[in-house]
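# Chains, contacts and geometry: an overview
Given next are the chains, with one letter for each unit.
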Amino acid sequence: FDQIYNSLTNNENLLANNFNDHDRKLTEKGIKEAEKISQYILKKTNSYKIISSSSKRTFQTSNILLQLSSIKQTTEIIEDLYLASDNEIRDIIFSQHIKNENIICIAHNPGIHQLALSLVKKSSIDPKFEKINHKYPTAALAVIKIKDGNWENLYNNQNELIDFITPKDLKY
């Protein structure tokens, strides 16, 4: 409990001349990647709150997670998550937290990448941190344990990077 599952919306999306960025949809590849990451999340937890950017592709990603889940759940769409900075995302997560609940935040780069880097202890350099430090690819998932289960620790870098997964890491 008290973990953040940060998922980057999948940039494998369709862009037609008459659509703006906010209205882009996931491609078939993007849907498959969202399914892989969703399956991984559901193997790790069944207790969570989902918050998502208002973009079409993040909404699609959250719906894929909901469709695969056996638990009746909803997604809270937060307009301010669309292209938000790391500090804006952090404030939104803090305002949404409930004690002993995991939060799945579906948002966009570069904010979600910078947030993941800023939340994690730098002294615990390990392969996961090096991987996330190098790149936060589309449909990636960072699992971050909040120190002592205290959500105020979102505002320091003493939290633990539990896992960093990309769709390519998953075999299902």
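Details of the structure are given in the entry above.
In short, a report on the structure.

By volume, the largest pocket amounts to about 180 Å³. What lines the largest pocket is K29, E33, K131, H134, K135, P137, T138, T166, P167 and K168. At the level of secondary structure, the elements contributing two or more residues to the lining of the largest pocket comprise α1 (28-44) and α5 (127-134). In terms of residue class, the lining of the largest pocket is built from 2 nonpolar, 3 polar and 5 charged.

Below, the discussion takes up unusual backbone geometry. With omega at 5°, the peptide bond leading from N109 into P110 counts as cis. The residue L83 is not glycine, and still its phi comes out positive at about 55°. You can see L83 is positioned in the loop between β5 (75-77) and α3 (86-96). The backbone phi angle of D148 is positive, close to 60°, even though this residue is not glycine.

Our next topic: the packing of aromatic side chains. If you walk through the whole model with that rule in mind, you get 2 aromatic pairs. Seen in terms of ring centroids, F94 and Y155 are 5.6 Å apart; in terms of plane orientation they differ by 70°. Their pairing is edge-to-face. One end of the pair, F94, is in helix α3; the other, Y155, is in the loop between β7 (141-145) and β8 (160-165), with 61 residues separating them in the sequence. Classification of Y155 as partly exposed rests on a relative accessible area of 43%. Aromatic side chains Y136 and F164 sit 5.2 Å apart centroid to centroid with 65° between the ring planes, which places their arrangement in the edge-to-face category. Of the two residues, Y136 sits in the loop between α5 and β7 while F164 sits in strand β8, which places them 28 residues apart along the sequence. One exposure class covers both Y136 and F164, and it is buried.

All right, on to the nonpolar core then. Judged by nonpolar contacts, the single largest core of 27 residues is most densely connected at I89, I93 and I132. Counting residues per element, the ones that place at least two in this core are α3, β6 (102-107), α4 (111-119), α5, β7 and β8. Judged by nonpolar contacts, the second largest core, of 15 residues, contains Y48, L66, I106 and V143.

Along the polypeptide, S62 turns up in helix α2 (residues 56-68). S62 sits in the buried class, given a relative accessible area of 0%. Once you skip the residues sitting within four places of it in the chain, S62 turns out to touch I50, S52, T75 and I106.

Let's shift gears to the pattern of salt bridges. This structure, assessed with the given rule, holds 3 salt bridges. Among the salt bridges present, the one from K49 reaches E76, with a minimum N-O distance of 3.7 Å. Taken together, the residues span a long stretch of sequence, with K49 in strand β4 (residues 48-52) and E76 in strand β5 at a distance of 27 residues. Taking relative accessible area as the criterion, E76 reaches 33% and is therefore assigned partly exposed. A salt bridge links R90 to D86, with the shortest nitrogen-to-oxygen separation between them at 3.9 Å. One end of the pair, R90, and the other, D86, are both in helix α3, 4 residues apart, so they sit about a helical turn from each other.

On to the side chain of N159, then. Take N159: it is sitting in the loop between β7 and β8. Taking relative accessible area as the criterion, N159 reaches 0% and is therefore assigned buried. At 2.8 Å, the side chain of N159 and the backbone oxygen of N153 are in polar contact. Among the polar contacts made by the side chain of N159, one reaches the main-chain carbonyl oxygen of N156 at a distance of 3.2 Å. Those residues in contact with N159, other than ones at most four positions away along the chain, are L119, V120, K121, I144, K145, I146, K147, N153 and L154.

Calculation notes
- Residues numbered from 1 in each chain as written.
- Predicted model: local features only at pLDDT ≥ 70, side-chain atom pairs only at ≥ 80, totals over all residues.
- Heavy atoms only, no water.
- 1 Å grid on protein atoms, 1.4 Å probe; cavity = no way out; pocket = protein on both sides within 12 Å on 5 of 7 lines; lining within 4 Å.
- Points joined across faces, edges and corners; volume = space filled by probe spheres on them.
- Helix = DSSP H or I, 4+ residues; strand = E, 2+ residues; numbered from the N terminus.
- Nonpolar A, V, L, I, M, F, W, Y, C, P; charged D, E, K, R; others polar.
- Phe/Tyr/Trp six-rings, centres within 6.5 Å; stacked < 30°, edge-to-face > 60°.
- Buried < 20%, exposed > 50% of the residue type's maximum accessible area, 1.4 Å probe, protein only.
- Core = buried A, V, L, I, M, F, W, Y, C linked by side-chain atoms within 4.5 Å.
- Contact = heavy atoms within 4.5 Å.
- Salt bridge = Lys/Arg side-chain N within 4 Å of Asp/Glu carboxyl O.
- Polar contact = N/O pair within 3.5 Å; in protein donor to acceptor, adjacent residues only side chain to side chain.

It is worth stressing that arrangement in space is one thing and function is another; only the former is reported here.
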